[in-house]
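# A look at the structure
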Amino acid sequence: MFTYNCLNPISNVGLDLFNTNYKATDDVNDADAILVRSAKMHDMELSDKLLAVARAGAGVNNIPLDKCAEQGVVVFNTPGANANGVKEMVFAGMLLASRDIIGGNIWCDENKDDPEIAKSMEKAKKNFAGTEISGKKLGIIGLGAIGVLVANAAVHMGMEVYGYDPYISVNAAWNLSRSVKHVTSVEDIYTNCDFITVHVPLLDSTKEMINRDAIEKMKKGVIILNFARDLLVDEKAVVDAIAAGKVRKYVTDFPNPTTAGAEGVIATPHLGASTEEAEDNCARMAVEELRDFLENGNIRHSVNYPDCDMGVCHTVSRVGVLHQNLKGTIARFTTITGDANINVSDMTNKSRGEYAYTLMDLDSEVPEEVVAKLAACEGVYRVRVIK
Ligand SMILES: NC(=O)c1ccc[n+]([C@@H]2O[C@H](COP(=O)([O-])OP(=O)(O)OC[C@H]3O[C@@H](n4cnc5c(N)ncnc54)[C@H](O)[C@@H]3O)[C@@H](O)[C@H]2O)c1
């Protein structure tokens, strides 16, 4: 029986996937697993019982990843689970920027008492007219979970799509429409595109990647969309470029004092992933990841330990060891099992930076003294007998 605690409300679409082997607990210190969305965990004491934390969402800056790793707690997130929600907002953003739909809607509200509105609108509508997105060039910076969905849908909307991602994953490349023009220099996006949308993570290397120099290279009248993170864009430069007539609109999901209410800016209050479906997908994925780890020891989509998958255990026993990534560790483990006359029938060792994970399928039961010896090895954070 495993226990789990939800630090935030988590969709039942996910929680319903816990079977009768799982019990919810209100006491976080009694939980084998924690599900969390935005609750801040940095100042929390982690109980020795805690094995895993799953963040239903992508960002994990509310979770102390190293502290968890060093206490043998695996942290998961749910990358891509909200990608479709963000993709749809990108299209809403492009459409809102192309015609003054917001202004037109406000005009209708303001003229609601005019009995002649059906006539007067025919005169007023030219103020809100604009352009279509079909046939326009869309540049996508970052072809991950979101970027690929935006690219493929934009192709179907009749756009000419340019994609830039020097680190594209094999999976993303497989999923990308062949009609997307792959560019190897981001400058090609800047100089060619009518719409430019950013879908990269915020890293030191991507911070303010859309800066004055980049804007300088862009076409006059470009529309820039940012549904990734505000710090990816030098927004002061964008607001200046709007005033100078260089940038037509800036669409952002991250309003702040620079952009909220600014001329030419269309801001939404971080709505990218705010859909029922995205919340359901995140919860479903978080629970599936937790179950696979708790029941089989497999790690999928961890943000502090390496991924490692040995499927379901078919031997007598399975042991998982979370440890520091140190030389000679595997030899120490196999010496211990060998000395105890236990055959290792399958084994995987994966590392990620300072941390590593070893999963061993064994042909016999693991006596407590073997577990104690493994736990006493240098750099070992936790030993779990999974089966
Ligand atoms: N608005 C929202 O509510 C919302 C919701 C989810 C995600 N996001 C944000 O969207 C962004 C993308 O999310 P995702 O799930 O697609 O991430 P992802 O990790 O699947 O994809 C990111 C892609 O960016 C690429 N990349 C990294 N550095 C790059 C660079 N310098 N130039 C070009 N490409 C680069 C990576 O190779 C990767 O393919 C993130 O910043 C995330 O925080 C926003």
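The rules behind these values
Residues numbered from 1 in each chain as written. Predicted model: local features only at pLDDT ≥ 70, side-chain atom pairs only at ≥ 80, totals over all residues. Heavy atoms only, no water. Near = heavy atom within 4 Å. Polar contact = N/O pair within 3.5 Å; in protein donor to acceptor, adjacent residues only side chain to side chain. Areas by Shrake-Rupley, 256 points an atom, 1.4 Å probe, with all protein chains shown as cover. Nonpolar A, V, L, I, M, F, W, Y, C, P; charged D, E, K, R; others polar. Pairing = 2+ DSSP bridges. Helix = DSSP H or I, 4+ residues; strand = E, 2+ residues; numbered from the N terminus. Axes fitted to C-alpha atoms, helices over the stretch in contact; angles between N-to-C directions. Contact = heavy atoms within 4.5 Å. Expected span 1.5 Å × (residues − 1). Buried < 20%, exposed > 50% of the residue type's maximum accessible area, 1.4 Å probe, protein only. Core = buried A, V, L, I, M, F, W, Y, C linked by side-chain atoms within 4.5 Å. Domains from an automatic or database assignment. Arc of directions from axis to C-beta. Disulfide = S-S within 2.5 Å.

## A word on the site of the ligand
Looking at the ligand, there are 24 residues lining it, with Ala145, Ile146, Asp165, Val200 and Asp253 nearest. One of the side-chain nitrogen or oxygen atoms of Asp165 is found 2.6 Å away from an oxygen atom of the ligand. The contact in question runs from an oxygen atom of the ligand to an N or O atom on the backbone of Tyr167, over 3.3 Å. Burial of the ligand by the protein chains amounts to 83% of its free accessible area of 870 Å². When grouped by side-chain class, the residues that make up the shell around the ligand number 14 nonpolar, seven polar and three charged.

## Description of the sheet that holds strand 2 (residues 22-24)
The sheet built from five strands is open, its strands ordered 2-1-3-4-5 with parallel pairing. Unpaired on one side and paired on the other, strand 2 and strand 5 (74-76) mark the two borders of the sheet. On average, adjacent strands in this sheet sit at an angle of 20° to one another, irrespective of strand direction. Pairing of strand 4 (residues 52-55) with strand 5 involves three bridges; the strand directions are parallel. Residue pairing for strand 5: Ala54 is matched across the bridge by Phe76. The strands that helix 11 (residues 276-296) touches are strand 1 (2-6), strand 2, strand 3 (33-36), strand 4 and strand 5; relative to strand 3, the one it contacts most, it runs at about 165°.

## Here's the deal with the side chain of Asn296
Among the secondary structure elements, Asn296 is positioned in helix 11. At 2.8 Å, the side chain of Asn296 and the side chain of Asp292 are in polar contact. The residues contacting Asn296, other than those within four sequence positions of it, are Arg291, Gly311, Val312, Arg318, Leu359 and Ile386.

## Notes on helix 6 (residues 145-156)
An ideal rise of 1.5 Å per residue puts 16 Å on twelve residues; helix 6 measures up with 18 Å between its terminal C-alpha atoms. Within the sequence span of helix 6, burial applies to Gly147, Val148, Val150, Ala151, Asn152, Ala153 and Ala154. In this structure, the buried residues of helix 6 make contact with helix 3 (83-98), strand 6 (137-141), strand 7 (160-164), helix 7 (170-175) and strand 9 (195-198). The positive-phi residue at the C-terminal boundary of helix 6 is Gly158, with phi of around 85°.

## Considerations on the environment of Val303
Relative to the assigned elements, Val303 resides in the loop between helix 11 and strand 13 (317-324). It is 5.7 Å that separates the C-alpha atoms of Val303 and Phe76, two residues lying 227 residues apart in sequence. With residues near it in sequence (within four places) discarded, Val303 still touches Val60, Leu65, Val75, Asn77 and Arg352.

## A short note on the nonpolar core
Residues Phe18, Leu35, Phe76, Leu290, Phe293, Ile299 and Tyr357 are the most contacted members of the largest nonpolar core, which totals 33 residues. Of all the secondary structure elements, the ones that give two or more residues to this core are strand 1, strand 3, strand 4, strand 5, helix 11 and strand 15 (355-362). If you tally residues by element for this core, the top one is helix 11, at eight residues. Both domain 1 (1-82 + 275-305) and domain 3 (308-387) contribute no fewer than three residues apiece to this core.

## What about unusual backbone geometry?
Glycine aside, residues mostly have negative phi angles, and peptide bonds mostly take the trans form. Even without a glycine there, the phi angle at His270 is positive, about 50°. The topology assignment puts His270 in the loop between strand 12 (265-267) and helix 11. Of note, the phi angle at Asn341 is positive, near 65°, even though the residue is not glycine.

## A word on helix 12 (residues 329-339)
Those residues of helix 12 that sit buried are Thr329, Phe333, Ile336 and Thr337. One side of helix 12 carries all its buried residues, which in axial view fall inside an arc of 95°. Buried positions along helix 12 lie against strand 13, strand 14 (344-352), strand 15, helix 13 (368-375) and strand 16 (380-385). At the C-terminal side of helix 12, Asn341 shows a positive phi close to 65°.

## Details of the domain arrangement of the protein
When its domains are assigned, the protein resolves into domain 1 (1-82 + 275-305), domain 2 (84-267) and domain 3 (308-387). Spacing between the C-alpha centres of domain 1 and domain 2 amounts to 34 Å.

## Brief notes about the state of the cysteines
Applying the stated criterion across every chain, the model contains zero disulfides. The thiol of Cys282 is not disulfide-bonded; the next cysteine sulfur, from Cys6, is found 14 Å away. A relative accessible area of 5% places Cys282 in the buried class.

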